Each structure stands twice: as C-alpha cells, then as structure tokens.
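Listed below, chain by chain, are the residues.
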Amino acid sequence: MGEHHQSLCSIMGRQQLRSSNKDNPDSNPVTLDLSVVARSQLDLRGVSHPSQVVLPFPRWEPKEKPLKEEDVGPQVTHIYELHNTGPSSIREAELQVGWPSRFRDENLMYIMEIKTDGPISCRANGSLNPLGLQLSALQDTPELLGFLRNGSSRRHRRSVTSEHDYSSKTLNCSNIICLQILCLVGRLDRGQSAVVKIRSRLWAHTFLQRRNDPYLLNSTVSFMVTALPYRIQPTSLPHQSTSMGTLVLWGTPDVSFAVPLWVIILAILLGLLVLAMLTLVMWKCGFFDRARPPVDDDISDREQLTSDQSAEA
C-alpha cells in the first residue's frame, strides 16, 4: 500500500530594499512583496505481513484459556511509514491508526505490542495485551526488514484493498470496534521517516466459528502535519488518509461442516435403492438368463446320423 501527498505552501512576506550606491546613500527605500514557497512532499505507506491468512491450520486447536500468544492464532504485523521527500522540513505531525480490534465481545486482531522508529511516539485509547499473554521472542522477518531499508527508494503507489478481487466481507471501523492509536511525530527533515510497527495475533477462534467465510480486516491510517519550522505558517498543511487490509481466506473446505451427515446417509440409501431397481428390471428382461449346454442324448443322435451317412456313401 502506498499513498502520496504533495503540499505546496506559499507564504507572503514584505521586504524593504535600499540602494548601496555610494554616490547616493540616502535614496528612498523601495518596498517589494515577495512570495516565499515551502514545498513539502510526504509519502504515507504501509505493509501487512502476511497480507493474507489461510485457515484452518493443520494440527492446531484454539485453547479455551490461552496463556501464550501462540495459543491465540497466527501473527499479523502492520508497518506504517511517514516519509518526507522534501525539500522543506516539517516540525510536527499527527499519525492516527484505527485498528480492527473487536466485534461485539469477540477479538479480531489482538495487539501484542507497538514499536516505533524515528521521532515518533504512540499511545492507544485502550490497553495492549489485556489478557497478559506471554510474549514470544520473535525477530523481524526479512520482508519487514527490507521494507524499512528500502522504503525511501521504492514507492509502490497502490491501494491494498484494490489489489484483491474477492467477494469478502469487509470489517473496518464503520462496522466493528476499533482501537484508536494516536502517534505524535516530531521534526522530519528531507529524507527522514517515522515508522510505526504494530504486532498482533489474529484471534483464530472468532473466525473458526464462521467457517468458509472470507473476511478483509481493514485498518484506517491518516496523517496531518500540524506545524512547519517557519515563522509564518501557511494556511494549508499536508494531510492524507487511507486504509490497509489483511485478508482471511479458507483452504480445503470442511466437508463435514458444509454437508450435513443426514444428507450423506440419505444419498447413500438412494443410491442403493436405484441400484436395486436396475437389478430387478434387468432380471425381468432376462439379462441374467444363461444358454443351456447340449445334453448327452443330443450328442449320441448327431454321432448316429453321421455314421449312417458315411455307410450310404
């Protein structure tokens, strides 16, 4: 996912000029109106790793009372980056994330921790890891490390929600409960970035109760520059909002769930009934009758007839 926003801020100022001619040092000052332009280009982009989760997991069952984060489900990590491509600096900005947290009393994407990199600090309007699950000592995957290292040089300006053409049910902050995360960004000079990493666990039990239904979990991300490091502030400051999704899909269909047992038994009985009816019809038509072999008397008559014909000849 990548979103690009460019802001061109114009600041008007008035400057007095006086001639430096030695022959006429007391010349009248001339007042000129100058236009000072602050050009600020910001990129907001992010990545979901993995971008999709396939259920169910082989040899895995959710625990009634999870103690470790592995007991909950697979790990899903979102990374958001606010990058300043310049040429002007920004002094302050806000980055807001709406995280798909709960549906009624059921967990969706359970946040374990939030990490930041750069001049940025975050806080949420709720507690993280409220069940106190034991954290795993997991390292960043090569994909995430590559995203951070090459983030400023590679720009993929596309929307995550548009690259998938699935008939999935979309869950976002309009129809579920979202955890609101507010991040304050400090000064970003040209080429600098502020990064937020949200590590969560997909609560698998919630989706296992709704088998074979695909879901798209969308987080909403927005930023707003609140101040530039200049004496005169422009009337318009950069801002942008977008969304990023994680897709929940199903692998091999659960046949025992999709087709009730009584339907399978009824289909077997109907098959046996049809087979019995076909057997009866074929028996009535003589399909199973066998041709009788010749008896010994018939063989003797044919031998006698052959002997008589030979004597006459």
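It should be noted that the structure appears before, not after, this text.
Computed from a predicted structure; not experimentally measured.

Analysis parameters
Residues numbered from 1 in each chain as written. Predicted model: local features only at pLDDT ≥ 70, side-chain atom pairs only at ≥ 80, totals over all residues. Heavy atoms only, no water. Salt bridge = Lys/Arg side-chain N within 4 Å of Asp/Glu carboxyl O. Buried < 20%, exposed > 50% of the residue type's maximum accessible area, 1.4 Å probe, protein only. Disulfide = S-S within 2.5 Å. Helix = DSSP H or I, 4+ residues; strand = E, 2+ residues; numbered from the N terminus. Patch = residues over 30% accessible without salt bridge, like charges linked within 9 Å, V, L, I, M, F, W, Y side chains within 5 Å. Areas by Shrake-Rupley, 256 points an atom, 1.4 Å probe, with all protein chains shown as cover.

### Here we look at the pattern of salt bridges
Part 1 of the argument: The final tally for this structure, using the stated rule, is 8 salt bridges.
Part 2 of the argument: The partner of lysine 63 in a salt bridge is aspartate 71, and the shortest N-O contact between them spans 3.6 Å.
Part 3 of the argument: On the accessibility criterion, lysine 63 (47% relative accessible area) is partly exposed.
Part 4 of the argument: One salt-bridge network, in which partners are shared between bridges, spans Glu69, Glu113, Arg199 and Arg201.

### With respect to the state of the cysteines
Part 1 of the argument: Taken as a whole and judged by the stated rule, the model has 2 disulfides.
Part 2 of the argument: Covalent S-S linkage joins cysteine 122 and cysteine 183, the inter-sulfur distance amounting to 2.0 Å. Classification of the bridge connecting cysteine 122 and cysteine 183 rests on its S-S torsion, roughly 105°, and on that basis the disulfide is right-handed. Here the residue cysteine 122 occupies a position in strand 8 (residues 120–124), and cysteine 183 occupies one in strand 10 (residues 177–185), the gap between them amounting to 61 residues.
Part 3 of the argument: Cysteine 173 shares a disulfide with cysteine 178; S-S distance 2.1 Å.

### Details of a nonpolar patch on the surface
Part 1 of the argument: The grouping of Leu261, Ile264, Ile265, Ile268, Leu269, Leu272 and Leu275 at the surface amounts to a nonpolar patch, some 690 Å² of accessible area in total.
Part 2 of the argument: On the secondary structure map, isoleucine 268 appears in helix 4 (residues 261–284).

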